[in-house]
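Inside the fold
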Amino acid sequence: MSFIVAIVGRPNVGKSTLFNRLAGKKLALVDDQPGLTRDRREAETEFGTCAVTLIDTAGLEPGDKGLTPRMRQQTEAAIAQADVVLFMIDARAGVVAADEIFADLVRGSGKKVILAANKCEGRAVQPGIYEAYALGLGEPMPISAEHGIGIGEVTEIIENVCRARDEATEVPHDAAETEGPHPLRIAIVGRPNVGKSTLVNALLGEDRMITGPEAGITRDSIASALQWEDRPLLLFDTAGLRRKMRVEGRAEELSVGDALKAIRFAEVVVLLLDAEQPFEKQDLQIADLIEQEGRALVIAVNKWDLVRERDKRLAELREKCQRLLPQVKGVALVPVSAKTGKGLDRLMQAVLAADALWNRRVPTHALNQWLQAAVEAHSPPAASGRRIKLRYMTQANARPPTFVLFCSQPKSLPESYSRYLVNSLRESFDMPGVPIRLNLRKGANPYA
């Protein structure tokens, strides 16, 4: 049973830096700009023999305007979930009014608290450390998350508390945990304000992500575990992707970079469109990026509850999808309403089907029988008066399906003929919407 540690504090005290340091990898976005983190992010790690779940939270701020109350709810949920609360202050700034307000909140939770005074790189921070005693959260631990000072002491305390809990509940540390199947990684992407976070919340059945009418609320790509029909999944909510020329500020640059990384590491990507403004230029560019990265793609059309004449509208969208996205011909297009929960079952069925196609392997003998029939139906054109011979074909890889075609003049085979082969492959072996890679190689000359 994992031991949960929630890292809390006011904005810009170094929570995300400490989160990354304890996790041992750069997961959370970090910048000098305060308030970069909004949703709570989790990471699994181990301290000694203790399995630990770290939770990075948004900076606690007083007030009830804008996103502040929604961000505070996420932090309060993390505190309620935690076994230990790691409360951070900035030792350089000393204790400020916001620290005192939220120290009361942490004390009221009744949870075990570790008080960490961050940014302790020099002697000038001693007054700030002494002020921290007044918070009533115990002895402050001087640390520097950026430079790794005092991190060993923090992990030791967490491990000791974890051991004490396990001994009290008679949980053996050396009990081998059975590893389940690898979770399917699914990234939810799209333009800002199309309802990505609302869709993730609907799938999870809880308000895990901050949502609202404001565009650009999500910044980090947050992973959430989900079980669907006994299949473990990992959902990644991502920041909205705008055109490059419209990206403003360092925070959005970091968010976009994190979203692109989520696409590269996902196995299936759900491109979410707005039913009232589908297939905008940016939607097509995102779909093209997903195809170039070789990810399995499913297109979901959100806000379907607002659409009238749905059958007619759905037929129009499917025709438009085939016309505008020929590189993923036959891709699944599923209407959903994240607000009402309609269409979520069909969406997840399409996701699992896309993953199965993405992993498909075709027997070599079936490939070469198909190749012979494809060439007989439409022969490749001659190049400089010489006929191009297509000799042999095999599947080199899956995820995405990648084929190698050996021919006499690979550089002379027209792009149009390669597209013909790919489309014929897709139809003959029933692989709609899956990126297909066709690599041409020069076969050995038997007369050389």
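Coordinates for the structure precede this section.
Anyway, here's the lowdown on the structure attached to this text.

What counts as what
- Residues numbered from 1 in each chain as written.
- Predicted model: local features only at pLDDT ≥ 70, side-chain atom pairs only at ≥ 80, totals over all residues.
- Heavy atoms only, no water.
- Phe/Tyr/Trp six-rings, centres within 6.5 Å; stacked < 30°, edge-to-face > 60°.
- Helix = DSSP H or I, 4+ residues; strand = E, 2+ residues; numbered from the N terminus.
- Core = buried A, V, L, I, M, F, W, Y, C linked by side-chain atoms within 4.5 Å.
- Buried < 20%, exposed > 50% of the residue type's maximum accessible area, 1.4 Å probe, protein only.
- Contact = heavy atoms within 4.5 Å.
- Polar contact = N/O pair within 3.5 Å; in protein donor to acceptor, adjacent residues only side chain to side chain.
- Pairing = 2+ DSSP bridges.
- Right-handed = clockwise from strand over helix to strand, strands pointing away.
- Axes fitted to C-alpha atoms, helices over the stretch in contact; angles between N-to-C directions.
- Parallel < 35°, antiparallel > 145°, perpendicular 65-115°, else oblique.
- Nonpolar A, V, L, I, M, F, W, Y, C, P; charged D, E, K, R; others polar.

A few words on the packing of aromatic side chains. Aromatic rings in a pair are described by how distant their centres are and how their planes are angled relative to each other. What the rule picks out here adds up to 3 aromatic pairs. For the pair Y392 and F406, a centre-to-centre distance of 6.1 Å together with 35° between the ring planes defines the contact as tilted. Here Y392, found in strand β13 (residues 390-397), pairs with F406, found in strand β14 (residues 402-407); they are 14 residues apart in sequence, far enough to count as distant.

Ranked by size, the top nonpolar core spans 31 residues in total, and within it I186, L199, L203, L233, V298, L347 and V351 carry the most contacts. Of all the secondary-structure elements, those providing two or more residues to this core are β7 (184-190), α6 (196-204), β8 (222-228), β9 (231-237), β10 (268-274), β11 (296-302) and α10 (344-358). The element that contributes the greatest number of residues to this core is α10, accounting for 9 residues. In this structure V298 touches V268, V269, V270, L271, V331, A332, V334, L347, A350, V351 and A354, once residues within four positions along its chain are discounted. Grouped together as the second largest cluster of nonpolar side chains are 28 residues, A266, F279, L297 and L325 included.

With respect to the secondary-structure elements, R191 resides in the loop between β7 and α6. Classification of R191 as buried rests on a relative accessible area of 13%. Of the polar contacts made by the side chain of R191, one reaches the side chain of D283; its length is 2.9 Å.

This part takes up helix α1 (residues 15-23). Counting buried residues along α1, 7 of its 9 residues qualify, which places the element largely inside the surrounding structure. Along α1, the positions that sit buried rather than exposed are K15, S16, L18, F19, N20, L22 and A23. Phi for G24, located one or two positions after α1, is positive at around 80°.

Burial of β10 is extensive: 7 of the 7 residues sit out of reach of the surface. Across 5 bridges, the pairing between β7 and β10 is parallel. Considered in β10, the bridge of A187 is made with V269. In this structure, β10 lies alongside β11, joined through 7 bridges in parallel fashion. Considered in β11, the bridge of D274 is made with N302. Crossover handedness for the path β10 to helix α8 (residues 281-293) to β11: right-handed.

With that settled, the discussion passes to the packing of α6 against α10. In contact at an axis separation of 11 Å, α6 and α10 are set at 95° when each is read in the N-to-C sense. As summarised for this structure, α6 and α10 are arranged roughly perpendicular, according to the angle between their axes. Residues L199, A202 and L203 of α6 lie in contact with α10, whose contacting residues are L344, L347 and M348. For the contact of α6 with α10, a count of residues per class yields 6 nonpolar, no polar and no charged.

The strand order across the open sheet built from 3 strands is β13-β14-β15, with neighbouring strands paired in mixed fashion. Strands at the two margins of the open sheet, each flanked by one partner only, are β13 and β15 (437-442). Neighbour-to-neighbour, the strand axes of the sheet open up by a mean angle of 25°, direction not taken into account. With 6 bridges connecting them, β14 and β15 associate as parallel partners. Its bridge partner lying in β15, F406 is registered against R441.

So far we have only geometry, and geometry alone does not tell us how the molecule works.
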